[in-house]
Amino acid sequence: MRFLPCLLPGVCLALLLSCTDGPAQPEETELARMELSAETQAVFDAGIRFGASDNPETTLSFSANKPWTISVEATRAVAWISLSAYNGPAGDAVVRVSVQPNTATEARSATLSLYCEQLKKQLVISQEGSTPPPPPEPVAVEKVTLSPASLNMPVGDMASLSYTVEPWNADVESVTWSTSDASVVTVERGMVTAAGAGSAVVTVKVNEVEARCPVTVFIPAGYIVLNHESYTLAPKETVQLEVKVYPEDAAMGKVSWVSSDSAVATVDQSGLVKGLQGGSAVITATMEGLAPKRCRITVLSTASGNHEGTVSKQWE
């Protein structure tokens, strides 16, 4: 091999050295490092467990030689966990962790992950569920009132009973209805049915307190008759008119009496008719719901008259 003479000795020396040193070495890459303080390491090892009503703050201290990040993961939303920072540059760092009180009865938990490139450290955060408040003490029933207070019913009729309790906010645990005589009345959930003539008592029992409603059941009258269809009186003479109902076992209702001419004859509310002066008048007896009955009264002009023409109704 032939060597040419070097006219520039310095340049030749540099070329010679570069040829003999070999290829240049790449710069070494620094690995990520992360170091937790002793207190923080203990927290990561044991985890954090909060009470339901706690709202404390836990401080995490660490250092990293490269930027770091924190993420929080859970099966449910983690809005109840707050961090003072979620990322930061290389160097010393302090992150404060706080939680909101847990108003739900179910416990909750989440995992906090601290990253520095490929390094990862995890912290489990859990919080107890709140204890449900004890149920309020039951309010005892002190009094029960039925409305209406009593019933008067025809056979086959139906009526509704309602009850109220005192105090108004008492806890009603049970309500039972009963009758003293099912042949007279039956009752179901306050609905009373008149089964037969007679008397009975319907009772409602609310918890352990009772109220009673007396019930009278009657056979309704079909029609009425008077003991006289006509009658002749002398002045100042009287006659007693009477009403009878049919069927015979029907209940007697209130009878109203009226005279068509009180100057000739008057009638009181017991049916007693008194003649006053000569003439005629019609006495009418009325019972609610039934056709009225009438008796024609003839009053003689003198007291020496007689009762000819008087017609009496014979009871059947």
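What you are looking at is a predicted structure, and each value in this text was computed from that prediction instead of being measured.

Some thoughts on the overall build of the protein
Tallying secondary structure elements over the protein gives two helices and 28 strands in all. Residues classed as buried in the protein amount to 32% of the 316 residues present. Here the analysis covers contacts within the protein between residues at least 6 apart in sequence; of these, 61% occur between residues at least 24 apart. A total accessible area of about 19600 Å² is found for the protein, and carbon and sulfur atoms account for 53% of it.

As for the pattern of salt bridges
A complete count under the given rule lists five salt bridges for this structure. Note that Glu117 is salt-bridged to Lys66, the shortest N-O span being 3.4 Å. Placement of the pair is Glu117 in the loop between β8 (108–116) and β9 (119–127) and Lys66 in the loop between β3 (57–64) and β4 (68–73), with a sequence separation of 51 residues. Owing to a relative accessible area of 49%, Glu117 belongs among the partly exposed residues under this scheme. Its salt-bridge partner being Glu208, residue Lys205 comes within 3.5 Å of it at the nearest N-O pair. A relative accessible area of 28% places Lys205 in the partly exposed class. For Glu208, a relative accessible area of 65% translates into the label exposed.

Here's the deal with the environment of Leu290
Counting through the fold element by element, Leu290 comes out in the loop between β26 (279–287) and β27 (293–299). The class for Leu290 is buried, based on a relative accessible area of 15%. Spatially, the C-alpha atoms of Leu290 and Ala221 are 7.8 Å apart, while their sequence positions differ by 69 residues. Leave out the neighbours within four places in its chain, and Leu290 touches Ala221, Gly222, Tyr223 and Ile224.

Details of the nonpolar core
Buried together is how nonpolar side chains tend to be arranged in soluble globular proteins. If you look at the biggest cluster of nonpolar residues, it comprises 25 residues, and the most contacted ones within it are Trp68, Ile81, Leu112, Leu114, Leu123 and Ile125. Counting 24 residues, the second-largest nonpolar core is a separate cluster that includes Leu241, Val243, Ala250 and Ala265.

Quick notes on the sheet that holds strand β16 (residues 191–194)
Pairing is antiparallel across the open sheet formed by three strands, whose spatial order is β12-β16-β15. Two strands in the sheet have a free side with no partner beyond their single neighbour: β12 (158–160) and β15 (185–188). The mean angle between the axes of side-by-side strands here comes to 20°, regardless of whether they run parallel or antiparallel. As paired elements, β12 and β16 share three bridges and run antiparallel to each other. Bridged to Met158 within β16 is Thr193.

Observations concerning unusual backbone geometry
Pro167 follows Glu166 through a cis peptide bond whose omega is -5°. Structurally, the position occupied by Pro167 is in the loop between β13 (162–166) and β14 (175–179). Of note, the amide linkage connecting Tyr246 to Pro247 takes the cis form, showing an omega dihedral of 0°. You can see Pro247 is positioned in the loop between β22 (243–246) and β23 (255–259).

Notes on the pairing of β4
Pairing analysis gives two bridges linking β4 to strand β6 (residues 87–88), with the strands arranged antiparallel. When the sheet's bridge partners are listed, Thr69 is paired in β6 with Asn87. By the bridge criterion, five bridges tie β4 to β8 in an arrangement that is antiparallel. Directly across from Thr69, in β8, lies its bridge partner Tyr115.

Section: a nonpolar patch on the surface
A surface patch of nonpolar side chains, amounting to about 200 Å² of accessible area, comprises Tyr163, Val172 and Val175. Along the chain, Tyr163 falls in strand β13. Judged by its relative accessible area of 30%, Tyr163 is partly exposed.

Examining the packing of aromatic side chains
Within this structure, the stated rule accounts for three aromatic pairs. Ring centres of Phe62 and Trp68 lie 5.1 Å apart, and the angle between their planes is 85°; this geometry places the pair in the edge-to-face category. Phe62 sits in the buried class, given a relative accessible area of 5%. Since its relative accessible area comes to 5%, Trp68 is described here as buried. Ring geometry for Tyr223 and Tyr246: centres 5.3 Å apart, planes at 10°, overall stacked. Here the residue Tyr223 occupies a position in strand β19 (residues 223–226), and Tyr246 occupies one in strand β22, the gap between them amounting to 23 residues. Residue classification places Tyr223 among the partly exposed residues on the basis of a relative accessible area of 40%. When its relative accessible area of 9% is taken as the criterion, Tyr246 is described as buried.

Conventions we followed
- Residues numbered from 1 in each chain as written.
- Predicted model: local features only at pLDDT ≥ 70, side-chain atom pairs only at ≥ 80, totals over all residues.
- Heavy atoms only, no water.
- Helix = DSSP H or I, 4+ residues; strand = E, 2+ residues; numbered from the N terminus.
- Buried < 20%, exposed > 50% of the residue type's maximum accessible area, 1.4 Å probe, protein only.
- Contact = heavy atoms within 4.5 Å.
- Areas by Shrake-Rupley, 256 points an atom, 1.4 Å probe, with all protein chains shown as cover.
- Salt bridge = Lys/Arg side-chain N within 4 Å of Asp/Glu carboxyl O.
- Core = buried A, V, L, I, M, F, W, Y, C linked by side-chain atoms within 4.5 Å.
- Pairing = 2+ DSSP bridges.
- Axes fitted to C-alpha atoms, helices over the stretch in contact; angles between N-to-C directions.
- Patch = residues over 30% accessible without salt bridge, like charges linked within 9 Å, V, L, I, M, F, W, Y side chains within 5 Å.
- Phe/Tyr/Trp six-rings, centres within 6.5 Å; stacked < 30°, edge-to-face > 60°.

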